[in-house]
Amino acid sequence: MRRIFDQSTAWIANRPSLAFLVIVFISILASIGLVRPQLLSQYWKEPPQSATPAPSTTVSAINERPASYRRVPTMRMGGDAILVVESEQFFSQRGLDAMRHVIRELESLDYVTRVTWMDSIPSMNLFGLAEPLFPKAPASTERFERAKQRALAHPFIRGQLLSADTRTALMLVDFDFLMIPSDDACISGLREVATAAAAEFPDVAMTFSVTGRVPIVVTSVRGQDSDRLKYQLIAYGIILGLSVVLFRGISAVVIVAIAAALGVFWTVGLVGFFEIDFNPLVNVILPVLVSLVGFTDGVHLMATIRKIRANGATSHQAAVEGIRQVGLACALTSLTTAIGLGSLLLAHHEMVRDFGMCSVIGVTATFVAVITWIPVACSTRLGSRLHIGLEHSLIERNLSRIGGIIEMVLARRVWFASGGVILLVIMSAICAQLRPDERQTTTLPKSSEPALAMAQVDRAMGGLETSLVRVIWEDSIDVQAAGEVISQVDQILNREPLIGHPLSIMTIAAALSGEGNTKCQMAMIDLLPPQLKRTFYSPEEHRATITFRVQDLGIKTYGPVFERIEQQLLELQQRRPGFTLELAGTAVWRWRNLYQIVIDLLASLGSAAIIIFVVLGVTYRSVRVGLISIVPNLFPLAVAGVYLVWAGESLEIVTVCAFTVCLGIAVDDTIHFLTRFFEERENTDSDDEAIRRAFTGVGTALIITTIVLVAGFSSVFFSDARDHILFASMGTITITAALIADLLILPAMLSLFLKQPAKRNKSSNR
């Protein structure tokens, strides 16, 4: 394999001008992918269909409704943004005046189309007459007290727009998105207008905060973009600064940095041709993965070239020999990483499959960037002084002292090898406690206004997010039977303590008729205002909806709840032929899809580990080598898993992606050590001596990459974004543990389990 690799890569150092043309060509291609990807992507896309597509079943069903039904409005209880109002004076004359003034000021904004609050909800009475919730001014304290009791008895208000203690109220704001002047207008703009309006009533204590669908998305995207750019710049600055100190040579740092930057640039540009929609795995995780792979491989190649130059070789000779010594290891690290991440293409979810495809492209492009740019740059004036400062390098000067660790490991090889295996088994058992989880606010900074407001609504109202159960029945079923099934669904939901305030047409009918039978309650429905009734009940379509609130406790908490509900809905559906019951909503979607994403990523991680170990065994022509590599490569992942258990975290997209990234880094270091070990093994009869020489050869690069990457990850600890801190924590822990495993466990296992095949006479091999 080495001979084949040497023959196929010799042209890079021997013909640097040709390698430079390859770099320019790929850079131009990547630039097109960044600026105008459609110039090339249009050639492999299917031409648009000339025929007009048939309308969807939903559109057809709406068009087939009777005209009288199509004109009936329904209530929209969601809102694009939610203004959370806290006060103890809602049911007082001054409090009511303040609230109405706030509503007028909000609705005067060009981009606000409607504000729904307690006074917007039609009243319910047996005669179907409109009656305002709040009394007309002036009103006595007794009338406001009766208004409070009516509000708490109204199913559309209690737990929906007003908390049970009447101290928290919600205003649902709908936007005209064409008129929104800025992202801030959706959050701070609303709050500032409401606060200024309420300030005109100084005797009324009232505070405002904003959350909801649009503010959460805006804050998440803006936070990711600003934090990602800021902390990437900080991390790259730390990496460059530490690299200069450790390398003691600015030209070496510049060359390695450009190689990693080229890998990221090529990856982003080439991925652009596929025009993938917003995908946080591709947009956030992939550049980090590519930069880390490029930096680690670049440091290994650069450290080798510098040593060869310091021994008197020319720039050209150092480049040729550097590729020969380290190029194969870089190719193997890229191959194993690409194979592992390529297994994501078998995932069920499109987002994960796209990440797998883009990762393969990125890892391949980064390998090409490292293997072409560094030799080319080393052959120019930029690389003419690479070797200067090597003798002053902190790592080189102290490598002999660190080498004492290897001597200690070899002297106690049984203890370190068995201890590593035992620790791995124990930590793996601890990691088995981890369960998949995901929350709506995981992508939000902890101190952001939408996150804090959502937590307040969760406490006061039993949850901000809503989900639902759809009830659909056949034409032959009468409305009384439909009412009975809806009531039974209500009972299923009410039995779950984490399900907040189920609301259905039968809940509303029960509020009108009291404890009457189903027939009586169904008769009351016709007395409801049309917009109230049709929000939950469409008899002409043979369907009804039951909504409920969900707190932001994560899918790990709500998974068993949704499983019980689905099981009971299935049993009810089997008992009542002709009915279809569906559990739906954003929380349910996250439970099904995000859970599956995490499972896909875990399955890919397991497949990647197996494939990597097989590749290592085949590459080094030894099953024993593949088995030996399992322990030092899984050890850092197990350490990170134990950290998650200790910190009370769960398996989320960010943590599993961190596992994937860190596995690639851990395997990189192991491959570089093994490759150098087998090369030195050819020149000595002692495996222990080969281990010592391998450490001398690659130890500098291993330690430099670990120190620099840990420092770079550590910069993210100052971020307010939980996902970023979690990713950085796992990266720091895993990379550090990988170095420990490669220095303590791998040498011990190689010395203990991998014996020389035969005694060689070095003189006969010359």
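Quick note: structure is the one above.
Residues numbered from 1 in each chain as written. Predicted model: local features only at pLDDT ≥ 70, side-chain atom pairs only at ≥ 80, totals over all residues. Heavy atoms only, no water.

A word on the overall build of the chain
Counting secondary structure elements, the chain contains 27 helices and nine strands. Scored against the burial criterion, the 766 residues of the chain give a buried share of 54%. Of the contacts formed within the chain by residues at least 6 apart in sequence, a portion of 81% connects residues at least 24 apart. Total accessible area on the chain is roughly 33,600 Å²; 60% of this is exposed by carbon and sulfur atoms. (Helix = DSSP H or I, 4+ residues; strand = E, 2+ residues; numbered from the N terminus. Buried < 20%, exposed > 50% of the residue type's maximum accessible area, 1.4 Å probe, protein only. Contact = heavy atoms within 4.5 Å. Areas by Shrake-Rupley, 256 points an atom, 1.4 Å probe, with all protein chains shown as cover.)

Looking at the nonpolar core
Residues I374, F673 and L750 are the most contacted members of the largest nonpolar core, which totals 124 residues. Setting aside chain neighbours within four positions, we find F673 in contact with I691, A694, F695, V698, L702, D742, L746, P747 and L750. Membership of the second largest hydrophobic core comes to 98 residues, among which are A147, F156, W473 and Y537. (Core = buried A, V, L, I, M, F, W, Y, C linked by side-chain atoms within 4.5 Å.)

Re the pattern of salt bridges
Overall, the coordinates contain 21 salt bridges when judged by the stated rule. With its nearest N and O atoms 2.6 Å apart, the salt bridge here joins R213 to D80. Placement of the pair is R213 in helix α9 (residues 213-247) and D80 in the loop between α5 (67-70) and β1 (81-86), with a sequence separation of 133 residues. You can call R213 partly exposed: its relative accessible area is 47%. Via salt bridges that share partners, E407, R676, E680, E689, R692 and R693 belong to a single interconnected network. (Salt bridge = Lys/Arg side-chain N within 4 Å of Asp/Glu carboxyl O.)

Re helix α2 (residues 16-35)
With 20 residues, α2 should reach 28 Å at 1.5 Å per residue; the first-to-last C-alpha distance of 28 Å fits that figure. Listed as buried for α2 are A19, I23, I26, S27, A30 and G33. Taken down its axis, α2 places every buried residue within 115° of arc, on the same side. Facing away from the buried side of α2 by over 90 degrees, the exposed positions are S17, L21, F25 and V35. (Expected span 1.5 Å × (residues − 1). Arc of directions from axis to C-beta.)

Digging into the packing of helix α15 (residues 413-431) against helix α23 (residues 623-647)
Viewed as axis vectors pointing N to C, α15 and α23 meet at an angle of 40°, and their least axial separation amounts to 8 Å. It follows from the interaxial angle that α15 and α23 lie oblique. α15 and α23 meet at a crossing whose hand is left-handed. Only V631, L634, F635, A638, V639, G641, V642 and V645 of α23 make contact with α15, whose side of the interface consists of G420, V421, L423, L424, M427, I430 and C431. (Axes fitted to C-alpha atoms, helices over the stretch in contact; angles between N-to-C directions. Parallel < 35°, antiparallel > 145°, perpendicular 65-115°, else oblique. Left-handed = near helix turned anticlockwise from the far one by under 90°.)

Here we look at the packing of aromatic side chains
Per the counting criterion, the structure on display carries eleven aromatic pairs. Their ring planes at 85° and their centres at 6.1 Å tell us that F175 and F177 sit as a pair that is edge-to-face. Taken together, a centroid distance of 5.5 Å and an interplanar angle of 55° make the contact between F562 and W591 tilted. You can see F562 sitting in helix α21 (residues 555-575) and its partner W591 sitting in helix α22 (residues 586-619), a full 29 residues away along the chain. When its relative accessible area of 11% is taken as the criterion, W591 is described as buried. (Phe/Tyr/Trp six-rings, centres within 6.5 Å; stacked < 30°, edge-to-face > 60°.)

Comments concerning the environment of A338
In this fold, A338 is placed in helix α12 (residues 315-342). The contact partners of A338, leaving out residues within four places of it in the chain, are V360 and V363.

As for α15
Here α15 contains 19 residues, and its C-alpha end-to-end distance of 27 Å stays within 8% of the 27 Å for a straight helix at 1.5 Å per residue. Among the residues of α15, those classed as buried are A417, G420, L424, M427 and C431. Across the axial projection of α15, the buried residues extend over an arc of 105°, all falling on one side. Opposite the buried face of α15, at more than 90 degrees from it, the exposed residues are W415, I422, V425 and A429. Buried positions along α15 lie against α23 and α26 (722-753).

Focus on the sheet that holds strand β4 (residues 207-211)
Taken together, the four strands give an open sheet; going across it, the order is β2-β3-β1-β4, and neighbouring strands pair in antiparallel fashion. Looking at the sheet topology across the chains shown, the edges are occupied by β2 (112-116) and β4. In this sheet, neighbouring strand axes are inclined to one another by 25° on average, regardless of whether the strands run parallel or antiparallel. Pairing of β1 with β4, which is carried by five bridges, proceeds in the antiparallel orientation. Bridge pairing in β4 links E86 to T207. This element, helix α6 (residues 93-107), spans β1, β2, β3 (168-175) and β4 of the sheet and lies at about 160° to β2. (Pairing = 2+ DSSP bridges.)

The analysis is restricted to geometry; functional conclusions fall outside its scope.
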